[in-house]
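Okay, here's what each chain looks like letter by letter:
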Amino acid sequence: MYRTTMRRLRDGGKYLSNAIRKRENRSYSNLPCDTVYGGPKPQDPVKRVTLRHLASKYTKKKPITMLTAYDYPSAVHVDQAGIDICLVGDSVGMVVHGHDTTLPVTMDDMLLHCRAVARGARRSLLVGDLPFGSYEQSPSQAVANATRLLKEGGMDAVKLEGGYGSRVTAAKAIVEAGIAVMGHVGLTPQAISALGGFRPQGQTSSGAKMVLEHALALQESGCFAIVLECLPSPVSAAITSALKIPTIGIGAGSKCSGQVLVYHDILGMMQHPHYVKVTPKFCKQYAQVGNIVNEALVSYREEVTNGTFPSRAHSPYQMDAAELDSFIGELEGSGLSLAAEAASTASKGSSENNETVVQVKR
Ligand SMILES: Nc1nc(=O)c2c([nH]1)NC[C@@H]1CN(c3ccc(C(=O)N[C@@H](CCC(=O)O)C(=O)O)cc3)CN21
Ligand SMILES: CC(C)C(=O)C(=O)O
Ligand SMILES: [Mg+2]
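Under an unreviewed UniProt entry, the chain has the name 3-methyl-2-oxobutanoate hydroxymethyltransferase and belongs to Ceratopteris richardii. Word for word, the UniProt comment on the chain under Function (unreviewed entry) is "Catalyzes the reversible reaction in which hydroxymethyl group from 5,10-methylenetetrahydrofolate is transferred onto alpha-ketoisovalerate to form ketopantoate." The record held by UniProt for the chain lists under Catalytic activity (unreviewed entry) the comment "(6R)-5,10-methylene-5,6,7,8-tetrahydrofolate + 3-methyl-2-oxobutanoate + H2O = 2-dehydropantoate + (6S)-5,6,7,8-tetrahydrofolate".

If you want it as structure tokens, here you go:
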């Protein structure tokens, strides 16, 4: 132990960089499913998307793909689909926690979701939203919380909203601390109190000019990309043209350098009337997972109610005949004759029923 520690110390950075290399070379082969999405194949070594990858896509005018994920399974899916950037958005507060706005989301909420996503996504670049109240007070507050998202949340970069002076100063301070920052202008949901609703932005000449100025200021502060939310297409086209860094649009038309949407929205999981008021109309649904979930849950309820579930196929655990006989004997010997009869009947039921038994290995 002492020797190993000494060797690591003498090695200096070498031990660490070998450990990192090992981690990066982990392969997908231990993941359970193949991919049919055109993303990385299970046998491919895992290479994290980097800012250089994004810059290269941007230069080649290849659209950058981004999607939210809030937990381990959604992160695995985003990763397997070959999406470039996985955003742990503060929209988690609305989509997963049922709030009407993103305002109640805390750093602790974000860190919990970030850690789950970081366990699931090994290839996508991980960006975590700085939540409302975690970066507005001072550049040092912004740096402290951005640092937590990387250190405790496992993120690769952070995102913050707004392009007014203090936000630009915060973005600059975070970049100077060595943390990659994504900006976010147009509809900034954390400003709902000032904006008066989830309204499209930049619909007047002066409004559009202000959004452009905010985007330019964020670029100047060192942001590596900027989200443009709910803007008319000509405005996001102009901003994209004026900037030297990628723009990622949401409800901002097709002229951005990339697109982002919310996981549950594209899957059609927010179609229950309960969600209608928070599901934006710019979102395309690529599936109707909500309906599939509803049908599955109703089937389960019905099958448990009418006794068809669990059948033998889903009752996989066996007992040797000798052990069973001995158990039934024990029950009878203890005066539990009804219990003994129940055990005996159940064993006959299972041998009469000739459905295939699914062997669950543990
Ligand atoms: N599920 C979900 N998807 C999102 O894209 C998303 C969230 N939640 N939560 C955080 C923000 C909020 N977003 C939203 C929410 C609603 C509208 C929307 O319905 N806008 C209406 C105007 C509503 C009004 O005028 O009050 C529109 O017509 O675009 C737009 C963006 C985008 N983000
Ligand atoms: C919609 C995206 C850009 C976002 O900020 C979020 O999901 O929180
Ligand atoms: Mg957000």
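Caption draft 1: Representation of the overall build of the chain in the model. Broken down by element type, the chain carries 15 helices and eight strands. By the burial criterion, 40% of the 362 residues in the chain qualify as buried. Sequence separation of at least 24 residues holds for 58% of the intrachain contacts in the chain that already meet a minimum separation of 6. In the structure as shown, the chain presents an accessible area of about 20,500 Å², 56% of it carried by carbon and sulfur atoms.

Caption draft 2: Representation of the coordination of the magnesium ion (ligand 3). Within the first shell, the magnesium ion (ligand 3) binds the protein through D90 (OD) and D129 (OD), at distances of 2.1 to 2.2 Å. A residue pair is termed long-range when its members are at least 10 positions apart, and D90 in the loop between strand 2 (85-88) and helix 5 (92-95) and D129 in strand 3 (residues 125-129) qualify at 39 residues. What makes D90 buried here is its relative accessible area of 5%.

Caption draft 3: Up close: the packing of aromatic side chains. Within the structure shown, the criterion is met by one aromatic pair. Ring geometry for Y300 versus F309: centroids 6.2 Å apart, planes at 65°, classification edge-to-face.

Caption draft 4: Quick peek at the site of ligand 1. In the region of ligand 1, 16 residues are neighbours, and M94, F198, E229, D265 and K281 sit closest. In this structure, D265 approaches ligand 1 through a side-chain N or O atom, which is 2.6 Å from a nitrogen atom. Relative to its unbound accessible area of 660 Å², ligand 1 is 80% covered by the protein chains. Its atoms largely coinciding with the cavity grid, ligand 1 occupies the largest pocket. Split into classes, the residues belonging to the shell around ligand 1 amount to ten nonpolar, two polar and four charged.

Caption draft 5: Region of interest: the pairing of strand 1 (residues 64-68). Across the five residues that make up strand 1, a large majority, four, are buried. Sheet topology note: the strand 1/strand 2 ladder contains three bridges and is parallel. Note that in strand 2 the partner of T68 across the bridge is L87.

Caption draft 6: Spotlight on the domain arrangement of the chain. As assigned here, the chain comprises domain 1 (34-266) and domain 2 (311-362). Once you take the C-alpha centre of each, domain 1 and domain 2 turn out to be 55 Å apart.

Caption draft 7: Structural context of a nonpolar patch on the surface. Taken together, Y300, V304 and F309 make up a surface patch of nonpolar side chains, about 290 Å² in accessible area. Looking at where F309 falls in the secondary structure, it is placed in the loop between helix 13 (289-306) and helix 14 (321-333). The exposure class of F309 is partly exposed, given its relative accessible area of 32%.

Caption draft 8: Spotlight on the side chain of S124. Within the fold, S124 resides in the loop between helix 6 (107-120) and strand 3. For S124, the side chain forms a polar contact with the main-chain oxygen of I83, separated by 2.9 Å. If near-sequence neighbours (up to four positions away) are discounted, S124 is found in contact with R48, V49, V78, D79, I83, D84, I85, C86 and D156.

Caption draft 9: Spotlight on the sheet that holds strand 3. An order of 1-2-3-4-5-6-7-8 is seen for the eight strands of this closed barrel, with the pairing classed as parallel. Between one strand axis and the next, the sheet turns through 25° on average, direction left out of account. Relative to strand 8 (residues 258-261), strand 7 (residues 247-250) is paired through two bridges, and the arrangement is parallel. Each residue of the ladder has a partner; that of G249, found in strand 8, is Q259. Along the sheet face, helix 10 (residues 205-221) touches strand 5 (180-186) and strand 6 (225-229) and points at about 175° away from the line of strand 5.

Caption draft 10: Representation of unusual backbone geometry. The residue after F309, namely P310, is reached through a cis peptide bond having omega -5°. Here P310 lies in the loop between helix 13 and helix 14. Phi at K61 is positive, roughly 60°, even though this residue is not glycine. Inspection of the secondary structure puts K61 in the loop between helix 3 (51-59) and strand 1. Of the residues examined, K61 reaches a relative accessible area of 74% and is grouped as exposed. You will see that C230, though not glycine, has its phi angle at about 55°, which is positive. Overall, the relative accessible area of 11% leaves C230 in the buried class.

Rules and cut-offs
Residues numbered from 1 in each chain as written. Chains lettered and ligands numbered in written order. Predicted model: local features only at pLDDT ≥ 70, side-chain atom pairs only at ≥ 80, totals over all residues. Heavy atoms only, no water. UniProt positions renumbered as here; feature names shortened; annotations may be inferred. Helix = DSSP H or I, 4+ residues; strand = E, 2+ residues; numbered from the N terminus. Buried < 20%, exposed > 50% of the residue type's maximum accessible area, 1.4 Å probe, protein only. Contact = heavy atoms within 4.5 Å. Areas by Shrake-Rupley, 256 points an atom, 1.4 Å probe, with all protein chains shown as cover. Donors = N, O, S within 2.8 Å, 3.2 Å for Na, K, Ca; no water. Phe/Tyr/Trp six-rings, centres within 6.5 Å; stacked < 30°, edge-to-face > 60°. Near = heavy atom within 4 Å. Polar contact = N/O pair within 3.5 Å; in protein donor to acceptor, adjacent residues only side chain to side chain. 1 Å grid on protein atoms, 1.4 Å probe; cavity = no way out; pocket = protein on both sides within 12 Å on 5 of 7 lines; lining within 4 Å. Sits in = over half its atoms within 2 Å of the grid points. Nonpolar A, V, L, I, M, F, W, Y, C, P; charged D, E, K, R; others polar. Pairing = 2+ DSSP bridges. Domains from an automatic or database assignment. Patch = residues over 30% accessible without salt bridge, like charges linked within 9 Å, V, L, I, M, F, W, Y side chains within 5 Å. Salt bridge = Lys/Arg side-chain N within 4 Å of Asp/Glu carboxyl O. Axes fitted to C-alpha atoms, helices over the stretch in contact; angles between N-to-C directions.

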